[in-house]
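Letter by letter, the chains look like this.
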Amino acid sequence: MTEPNNERRYYEHLVDIMLTTRGIRFSVAEREKRKEKFSIGVIAVLSIYLAGWSLAASLFPDALTETQARALSFISVVASVSLLVISLFDFAASRSVYAEKMLQNAFSIAEILREAERELAKGDPDYARLSILASTYEAKVSGVGVNHTSKDYKLWKLQRRSPSGWLEASQVWVTSKILSCLAFTSAMFFQIAIVVLIVASTCCILAVNLVGSG
């Protein structure tokens, strides 16, 4: 009597692990796609900036002083190099491939998970079938070739935490949002810094030009 109970507990625990892995990988795929969209947005902004500056310089060649024109030309060079670096980095990072692998692996785990849950819901589950499902799950996880990190696990656990009251719920929500924001900012720091630097520098030069002409 003890042995079947031990087997049931083992597979129930395995189902919990599957639930966790599936949830983390869905979350990772969503975050990676968000990063990819942000990078595409940054590339678009830099491309529009370069095209706009070239057009403005050709249409209004005398609008800026020589010093201001040189400063904006230098900023344009920085934008061009940054555009190249970001494009190469995104190609090397392969975020879309990584996100797709995580997403498809999560779907595969979900399919195994549902079948395992149905088997355990029976009064007399087929442990041989559950053993095959466990082996299939391990093969799916190891065969995907990528894995989530411990930070992904901690963030998912925090987001899934069940608070005891509204105060704890608000604390968990704020903490998870801060951690998510910090994780996103640290991963996209170069893109954010470049956009802020270029926009701020251009605005300062144009402001100086307006003040001088006024």
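Structure shown above.
Residues numbered from 1 in each chain as written. Predicted model: local features only at pLDDT ≥ 70, side-chain atom pairs only at ≥ 80, totals over all residues. Heavy atoms only, no water.

### Focus on the packing of aromatic side chains
- In total, this model carries four aromatic pairs according to the counting rule given.
- With centroids separated by 5.2 Å and ring planes inclined at 75°, the aromatic side chains of F26 and F107 adopt a geometry described as edge-to-face. With F26 in helix α1 (residues 2–59) and F107 in helix α3 (residues 95–121), this residue pair connects regions lying 81 residues apart in the sequence.
- Look at F26 and you get partly exposed, because its relative accessible area is 27%.
- A relative accessible area of 44% means that F107 is categorised as partly exposed. (Phe/Tyr/Trp six-rings, centres within 6.5 Å; stacked < 30°, edge-to-face > 60°. Helix = DSSP H or I, 4+ residues; strand = E, 2+ residues; numbered from the N terminus. Buried < 20%, exposed > 50% of the residue type's maximum accessible area, 1.4 Å probe, protein only.)

### A look at the state of the cysteines
- Tallied over the entire structure, the rule returns zero disulfides.
- Looking at C203, it has no disulfide partner, and the nearest cysteine sulfur is the one in C204, 7.1 Å off. (Disulfide = S-S within 2.5 Å.)

### Quick word on helix α5 (residues 150–159)
- Taken together, the buried positions of α5 are occupied by D152, L155, W156 and L158. All buried residues of α5 project into a common sector of 160° when viewed along the axis, lining one side. (Arc of directions from axis to C-beta.)

### Notes on the pattern of salt bridges
- A full pass over the atoms with the stated rule returns eight salt bridges.
- Two residues, E12 and R8, come together in a salt bridge whose shortest N-O distance is 3.5 Å. Of this pair, E12 and R8 both sit in helix α1, separated by four residues, roughly a single helical turn.
- E12 sits in the partly exposed class, given a relative accessible area of 34%.
- Among the residues examined, R8 registers a relative accessible area of 22% and is labelled partly exposed.
- The partner of R31 in a salt bridge is D152, and the shortest N-O contact between them spans 2.9 Å. One end of the pair, R31, is in helix α1; the other, D152, is in helix α5, and 121 residues separate them in sequence. D152 carries the same exposure label as R31, and that label is buried.
- One salt-bridge network, in which partners are shared between bridges, spans E32, K35, D90 and R95. (Salt bridge = Lys/Arg side-chain N within 4 Å of Asp/Glu carboxyl O.)

### Comments concerning a nonpolar patch on the surface
- A surface patch of nonpolar side chains, amounting to about 490 Å² of accessible area, comprises W173, V174, I178, L179 and L182.
- Assignment of secondary structure puts V174 in helix α6 (residues 166–187). (Patch = residues over 30% accessible without salt bridge, like charges linked within 9 Å, V, L, I, M, F, W, Y side chains within 5 Å. Areas by Shrake-Rupley, 256 points an atom, 1.4 Å probe, with all protein chains shown as cover.)

### Here's the deal with the side chain of S82
- The topology assignment puts S82 in helix α2 (residues 66–93).
- Residue classification places S82 among the buried residues on the basis of a relative accessible area of 4%.
- From its side chain, S82 meets the backbone oxygen of V78 in a polar contact 2.7 Å long.
- For S82, the contacting residues outside a window of four places in its chain are L46, F190 and I194. (Polar contact = N/O pair within 3.5 Å; in protein donor to acceptor, adjacent residues only side chain to side chain. Contact = heavy atoms within 4.5 Å.)

### Considerations on the packing of α5 against α6
- Viewed as axis vectors pointing N to C, α5 and α6 meet at an angle of 155°, and their least axial separation amounts to 9 Å. Here α5 lies roughly antiparallel to α6, going by the angle between them. Relative to α6, α5 is oriented so that their crossing is left-handed. Together, L155, L158 and Q159 of α5 and V172, T175, S176, L179 and S180 of α6 make up the contact between the two elements.
- Taken together, the residues of the contact of α5 with α6 break down into four nonpolar, four polar and no charged. (Axes fitted to C-alpha atoms, helices over the stretch in contact; angles between N-to-C directions. Parallel < 35°, antiparallel > 145°, perpendicular 65-115°, else oblique. Left-handed = near helix turned anticlockwise from the far one by under 90°. Nonpolar A, V, L, I, M, F, W, Y, C, P; charged D, E, K, R; others polar.)

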